[in-house]
Amino acid sequence: MDLDDEYIENIIFDEITIGQTGRLVRTLTLQDIQAFAAVSGDTNPAHLDPKFADSYMYHQLIGHGMWSGSLISTLLGTILPGPGTIYHDQSLHFKKPVKLGDTLTVIVTVKAKDELKKLVTFDCHIRNQQDELVISGEAKVIAPVNKIRQPKIQLPQIHLFDPSQRIKEFIDMAKGLEPVRCGVVHPCDKESLTGLFIAAEKNLIYPVLIGSLNKIKQIAEETQIDISQFEIVDTPHSHAAADIAAKMAEEGKLEALMKGSLHTDELMHAVLQSKNLRTKRRVSHIFRFEVPLYDKPILISDAALNIKPTLLEKRDIVQNAIELSHILRCENPKVAILSAVETVNPDIPSTVEAAALCKMADRGQITGGVLDGPLAFDNAVSLEAKRIKHITSQVAGQADVLIVPDLESGNMLSKQLEYLAGAISSGVVLGCKIPIALTSRADGPATRMASAVLAKLVAHHYRVNKP
């Protein structure tokens, strides 16, 4: 790299001459449009909604006018005159729209100088790749009088993550499928009731509310939710709600269960007590995460039910996660068996179990996915970490599923992704004859709705493929 590329230098007032020009070239990307909208708050659908834009004046997405205008500021502030420049005045005339993918050439030309005020007047023109004028105008700036040469300031990276869009795309996976009868167990707080209401509105579930009628009515009044449309099974307390929900599922009256505002062990104890709801496979919980810095959804198991699973229990945990991957249209998921290191070490039992699980997959005891392990978290999800550590693997750097050593590590990893990395979570229990959306009492309506999507997809899968 040329060392000059790492520095920024100005052209002071005395060095500027009439007719002198500066030039900048930039191509408009979707990321530019989204970032400008996020910073400015200008969410005009002409810039962001392809369907709206197609029916509007230009029949495609266009950039914000002021994004294009800001390129003039970029040129003046970094090239001519450069660092130390202060804006005094700017006029802009918008001639043509700037469309997604257009390449703009920005040219400023020195028109006049004011020696007393150190003002420089520029003619400003922006043309597209067809040499069509899109913006013209005039800028007046106070030019710097002292020479400045310094290292370029490294800007923070902007990672665009649209939670609403990610959730919408996920909900669309269940589009066209009829809602499933889902027993919502003890929905006696605002979050539970709001979540099931939204899930019902989105045609994800037909909720059957199982809990204290008086408490449910009270919460409904406080949150102004109309529950008259829902079937309600009155129970005296949360233990009874769990027992009745499991019984209704046993009898085929429900296709899915969703946890409300009761403890996980209350619900799961009732379910696991029922022999008719159990299958030969170990019951396990699977998180689905949309992580801002990862380019695809990722599953994590088990971070909620199995505290210290044995090797054979881990086999079922892996198989359940693979099954959910298939339901979510990932045909051959890459499964990373996590540990602290990526080499087998007898002093770290999880590395030995990881190696054993991979051998079990080689022998057909686990099917439907590609396994590798032990893998540390970094080289499971980062291609750069894989490269630096010279790891040869079909899974490393691009895992679809992460299998954690135990509940403690899985729970901490999952909460870190959600609370520090801004991930969107949802979760479901597999290993029973019906799916169970096992949300946390701290989860908001969006997470509960996403978990309802999982329950719906699994329930429809089970209609055809009896567990």
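Shown above is the structure to which this text applies.
Draft legend 1. Geometry of the overall build of the protein. Broken down by element type, the protein carries 15 helices and 18 strands. Principal-axis analysis of the C-alpha atoms places the extent of the protein at approximately 90 × 60 × 35 Å. Here the protein holds 467 residues, and the buried ones make up 47% of them. Expressed as a percentage of contacts within the protein between residues at least 6 apart in sequence, the contacts between residues at least 24 apart total 72%. Here the protein displays about 23200 Å² of accessible surface, and carbon together with sulfur accounts for 52% of that area.

Draft legend 2. Expanded view of the sheet that holds strand β3 (residues 86–94). The strand order β2-β4-β5-β6-β3 describes an open sheet built from five strands, whose pairing is antiparallel. Strands with a single pairing partner mark the edges of an open sheet, and in this sheet they are β2 (21–27) and β3. Between one strand axis and the next, the sheet turns by 20° as a mean value, whatever way the strands run. When strand β5 (residues 119–127) meets strand β6 (residues 133–142), the two strands line up antiparallel, connected through nine bridges. Counted as the bridge partner of isoleucine 126 is isoleucine 135 from β6. With respect to the sheet, helix α4 (residues 65–78) is in contact with β2, β3, β4 (103–114), β5 and β6, its orientation differing from that of β4 by roughly 55°.

Draft legend 3. Inspection of the environment of threonine 447 at higher detail. In this structure, threonine 447 sits in helix α15 (residues 445–464). Since its relative accessible area comes to 11%, threonine 447 is described here as buried. Polar contacts involving the side chain of threonine 447 include one to the main-chain carbonyl oxygen of serine 425, which spans 3.5 Å.

Draft legend 4. Fine view of the packing of helix α8 (residues 238–250) against helix α9 (residues 264–273). Put simply, α8 and α9 touch, their axes get as near as 8 Å, and they point 35° apart. The interaxial crossing formed by α8 with α9 has right-handed handedness. Together, Ser238, His239, Ala242, Asp243 and Ala246 of α8 and Glu266, Leu267, Ala270 and Val271 of α9 make up the contact between the two elements. Grouping the constituent residues of the contact of α8 with α9 by class yields five nonpolar, two polar and two charged.

Draft legend 5. A look at helix α7 (residues 213–223). Of all the positions in α7, only Ile216, Ile219 and Ala220 are classed as buried. One side of α7 holds all its buried residues, which, seen down the axis, span an arc of 105°. Relative to its buried face, α7 has exposed residues pointing more than 90 degrees away, namely Asn214, Glu221 and Glu222. Packed against the buried residues of α7 are α6 (190–201), β9 (205–211) and β10 (231–234). Residue glutamine 224 follows α7 closely and has a positive phi angle near 55°.

Draft legend 6. Just the state of the cysteines, in detail. Summed over the entire model, instances satisfying the criterion amount to zero disulfides. The cysteine cysteine 182 is free of any disulfide, with cysteine 432 supplying the nearest cysteine sulfur at 14 Å. A residue is classified by how much of its surface remains accessible, and cysteine 182, at 0% relative accessible area, is buried. Summary of cysteine pairing: cysteine 188 is not part of a disulfide, and the nearest cysteine sulfur, belonging to cysteine 182, is at 15 Å.

Draft legend 7. Here's a closer look at a nonpolar patch on the surface. Where nonpolar side chains cluster on the molecular surface, the patch consists of Phe52, Tyr56, Met57 and Tyr58 and spans about 390 Å² of accessible area. Along the chain, the position of tyrosine 56 falls in the loop between α3 (50–55) and α4.

Draft legend 8. Representation of the packing of α6 against α15 in the model. Axis separation between α6 and α15 bottoms out at 8 Å; the angle between their running directions is 50°. Judged on the interaxial angle alone, α15 and α6 are oblique. Relative to α15, α6 is oriented so that their crossing is right-handed. Here Glu191, Ser192, Thr194, Gly195, Ile198 and Ala199 of α6 lie close against α15, whose contacting residues are Pro445, Arg448, Met449 and Ala452.

Draft legend 9. Region of the structure containing the pattern of salt bridges. Taken as a whole and judged by the stated rule, the model has 23 salt bridges. Among the ionic pairs, glutamate 231 bridges to arginine 181, the shortest N-O distance being 3.3 Å. Placement of the pair is glutamate 231 in strand β10 and arginine 181 in strand β8 (residues 180–185), with a sequence separation of 50 residues. For glutamate 231, a relative accessible area of 31% corresponds to the partly exposed category. In this structure, arginine 463 engages glutamate 255 in a salt bridge whose closest nitrogen and oxygen atoms are separated by 2.7 Å. Taken as a pair, arginine 463 in helix α15 and glutamate 255 in the loop between α8 and β11 (256–259) lie far apart in primary sequence, 208 residues in all. Here the residues in one salt-bridge network are Glu9, Glu15, Lys147 and Arg149, joined through shared partners.

Draft legend 10. Fine view of helix α1 (residues 30–40). Along α1, the residues that are buried comprise Asp32, Ile33, Ala35 and Ala37. On its buried face, α1 is in contact with β2, α2 (45–48) and α4. A positive backbone phi angle near 85° is found at glycine 41, which sits one or two residues after α1.

Cut-offs used in this document
- Residues numbered from 1 in each chain as written.
- Predicted model: local features only at pLDDT ≥ 70, side-chain atom pairs only at ≥ 80, totals over all residues.
- Heavy atoms only, no water.
- Helix = DSSP H or I, 4+ residues; strand = E, 2+ residues; numbered from the N terminus.
- Buried < 20%, exposed > 50% of the residue type's maximum accessible area, 1.4 Å probe, protein only.
- Contact = heavy atoms within 4.5 Å.
- Areas by Shrake-Rupley, 256 points an atom, 1.4 Å probe, with all protein chains shown as cover.
- Pairing = 2+ DSSP bridges.
- Axes fitted to C-alpha atoms, helices over the stretch in contact; angles between N-to-C directions.
- Polar contact = N/O pair within 3.5 Å; in protein donor to acceptor, adjacent residues only side chain to side chain.
- Left-handed = near helix turned anticlockwise from the far one by under 90°.
- Nonpolar A, V, L, I, M, F, W, Y, C, P; charged D, E, K, R; others polar.
- Arc of directions from axis to C-beta.
- Disulfide = S-S within 2.5 Å.
- Patch = residues over 30% accessible without salt bridge, like charges linked within 9 Å, V, L, I, M, F, W, Y side chains within 5 Å.
- Salt bridge = Lys/Arg side-chain N within 4 Å of Asp/Glu carboxyl O.
- Parallel < 35°, antiparallel > 145°, perpendicular 65-115°, else oblique.

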